[in-house]
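Structural overview
Next come the chains, spelled out residue by residue.
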Amino acid sequence: MSIVNTRDKTINTKIVYYGPGLGGKTTSLSYVHQILDPQDQVKMVSLKTDEERTLFFDFLPIDLGMLGGYKVKIQGFTVPGQVKYNLTRKYVLMGADAVVFVADSNSDRIEENQASLANLKQNLRANGLDLRNVPLVVQLNKRDLDNAMGMEEMSAIFAADSSCIFPTNACSGEGVFDAFVEASCQMIIEVGRKYQLESPQGDLSVLTKNSLLNYVVPTS
Ligand SMILES: Nc1nc2c(ncn2[C@@H]2O[C@H](COP(=O)(O)OP(=O)(O)O)[C@@H](O)[C@H]2O)c(=O)[nH]1
Ligand SMILES: [Mg+2]
């Protein structure tokens, strides 16, 4: 859940990368890290499970600095995709302000994408959240695969829940930062509305977008 402190003017938010196992969530968040922090000053934390532990996720703290008079921070998380780690997924999703769904374009993975989307909705509900006020941005990832499912057919899976769909290749990074920018801006719009934030410097989501567009994304 976003925490906004109007006295010391901080906005703390959370973006969760969700999707089936091996779809490219960790690769995507690592790419975002690389763009935001090319010197690797802030470490991305990856908790790995062993047989007994069920906590298993990546965590990246992101500091966007001052935007419109507010200190804006984002906690970036990925969930483990494998079916058996549902407790971790539910826990990581708690208080999410936006979700980036990383779908696997491999045409053998259609059912896993559908199941993971259904699982996302179920876990949002379990956390008292739903897609009406938690923005959902979709990455159709692994577009480079020879057996990639058609874009239209694949987009149709998500059409009812999101109008923001990005073809991506998390390995090259293509589209990944654009999806992150979109999720961040939609999230700030939602948080701004919820807390009735006003900035003398203008619309917070526009300021967020402009600030993120200053980062250098290599063109391939
Ligand atoms: N060909 C291809 N492979 C990818 C892409 N994104 C991720 N991968 C590979 O898919 C595997 C799983 O990626 P990972 O990020 O660990 O998936 P996660 O389980 O969703 O976190 C790794 O071997 C990645 O290198 C992509 O866009 N294209
Ligand atoms: Mg992962």
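Here is a short report on the structure shown in this document. Because the structure is predicted, anything quoted here is derived from the model rather than measured.

**Regarding the overall build of the chain**
Per the secondary structure count, the chain includes 6 helices and 8 strands. Ordering the α and β elements of the chain from the N terminus gives β-β-α-β-β-β-α-β-α-β-α-β-α-α. For 220 residues, the compact-globule estimate of 2.2 N^0.38 gives 17 Å, and the chain sits close to it at 17 Å. Taken along the three principal axes of its C-alpha coordinates, the chain extends 50 × 40 × 35 Å. By the burial criterion, 41% of the 220 residues in the chain qualify as buried. Long-range pairs, those at least 24 residues apart, make up 71% of the contacts in the chain with a sequence separation of at least 6.

**Some thoughts on helix α1 (residues 25–36)**
Taking 1.5 Å per residue, 12 residues should reach 16 Å; α1 reaches 17 Å between its end C-alpha atoms and fits that length. All of the buried residues along α1 are Lys-25, Thr-27, Ser-28, Leu-29, Tyr-31 and Val-32. Of the surrounding elements, those touching the buried residues of α1 are β2 (10–18), β4 (58–67), β5 (70–78), β6 (98–104), β7 (136–141) and α5 (176–194).

**Quick look at the site of ligand 1**
Around ligand 1 lies a shell of 18 residues, among which Gly-24, Lys-25, Thr-26, Thr-27 and Ala-170 are the nearest. The leading source of residues in the shell around ligand 1 is α1, at 3 residues. Across the shell around ligand 1, the residue classes break down as 5 nonpolar, 10 polar and 3 charged.

**Here we look at the pairing of β6**
Summarising burial for β6: 7 of the 7 residues are buried, a large majority. The alternating pattern of β6 places Ala-98, Val-100, Val-102 and Asp-104 and Val-99, Phe-101 and Ala-103 on opposite faces, both of which are buried. The sheet contact formed by β6 and β7 spans 6 bridges and is parallel. The partner of Val-102 across the bridge, within β7, is Gln-139. Chirality of the crossover, the property in question, places the unit of β6, helix α3 (residues 110–126) and β7 among those that are right-handed.

**Focus on the nonpolar core**
Ranked by size, the top nonpolar core spans 52 residues in total, and within it Val-16, Val-99, Val-100, Phe-101, Val-138, Phe-180 and Ala-183 carry the most contacts. Ranked by the residues each element gives to this core, the list is headed by α5, at 10 residues.

**A short note on the environment of Gln-41**
With respect to the helices, strands and loops of the structure, Gln-41 is situated in the loop between α1 and β3 (45–46). Here Gln-41 falls in the exposed class, since 6 other C-beta atoms lie within 10 Å of it. Residues Gln-41 and Met-187, spaced 146 residues apart in sequence, show a C-alpha to C-alpha distance of 25 Å.

**Examining the environment of Gly-192**
Residue placement: Gly-192 occurs in helix α5. The class of Gly-192 is buried, set by 21 C-beta atoms lying within 10 Å. When the C-alpha atoms of Gly-192 and Thr-208 are compared, they prove to be 12 Å apart, with 16 residues separating the residues in sequence.

**Looking at the packing of α5 against helix α6 (residues 204–212)**
Contact pair α5 / α6: the axes reach a minimum separation of 8 Å and the direction vectors enclose 155 degrees. Put simply, α5 runs roughly antiparallel to α6. Considering how the two elements wind past one another, α5 and α6 form a crossing that is right-handed. Where α5 abuts α6, its residues Val-181, Ser-184, Cys-185, Ile-188, Ile-189 and Gly-192 lie against Leu-204, Ser-205, Thr-208, Lys-209 and Leu-212. Taken together, the residues of the contact of α5 with α6 break down into 6 nonpolar, 4 polar and 1 charged.

**Points about α6**
Within the sequence span of α6, burial applies to Leu-204, Leu-207, Thr-208 and Leu-212. Each buried residue of α6 sits inside an arc of 130 degrees when the element is viewed along its axis, so together they form one side. For α6, the elements touching its buried residues are β4 and α5.

**Notes on the packing of helix α2 (residues 86–93) against α3**
Two numbers describe how α2 lies on α3: the axes approach to 9 Å, and their chain directions differ by 60 degrees. Comparing their axes, α3 and α2 come out oblique. In the crossing of α2 with α3, the sense of the turn from one axis to the other is right-handed. Packed against α2, whose contacting residues are Arg-89, Lys-90 and Leu-93, the element α3 presents Asn-123, Leu-124 and Ala-126 at the interface. Considering only residue class, the contact of α2 with α3 consists of 3 nonpolar, 1 polar and 2 charged.

Calculation notes
- Residues numbered from 1 in each chain as written.
- Chains lettered and ligands numbered in written order.
- Predicted model: local features only at pLDDT ≥ 70, side-chain atom pairs only at ≥ 80, totals over all residues.
- Helix = DSSP H or I, 4+ residues; strand = E, 2+ residues; numbered from the N terminus.
- Rg over C-alpha atoms; globule rule 2.2 N^0.38 Å.
- Buried ≥ 20, exposed ≤ 12 C-beta atoms within 10 Å, placed from the backbone.
- Contact = placed C-beta atoms within 7 Å.
- Expected span 1.5 Å × (residues − 1).
- Near = placed C-beta within 6 Å.
- Nonpolar A, V, L, I, M, F, W, Y, C, P; charged D, E, K, R; others polar.
- Pairing = 2+ DSSP bridges.
- Right-handed = clockwise from strand over helix to strand, strands pointing away.
- Core = buried A, V, L, I, M, F, W, Y, C linked by C-beta atoms within 7 Å.
- Axes fitted to C-alpha atoms, helices over the stretch in contact; angles between N-to-C directions.
- Parallel < 35°, antiparallel > 145°, perpendicular 65-115°, else oblique.
- Left-handed = near helix turned anticlockwise from the far one by under 90°.
- Arc of directions from axis to C-beta.

Worth remembering: the numbers are spatial, not functional.
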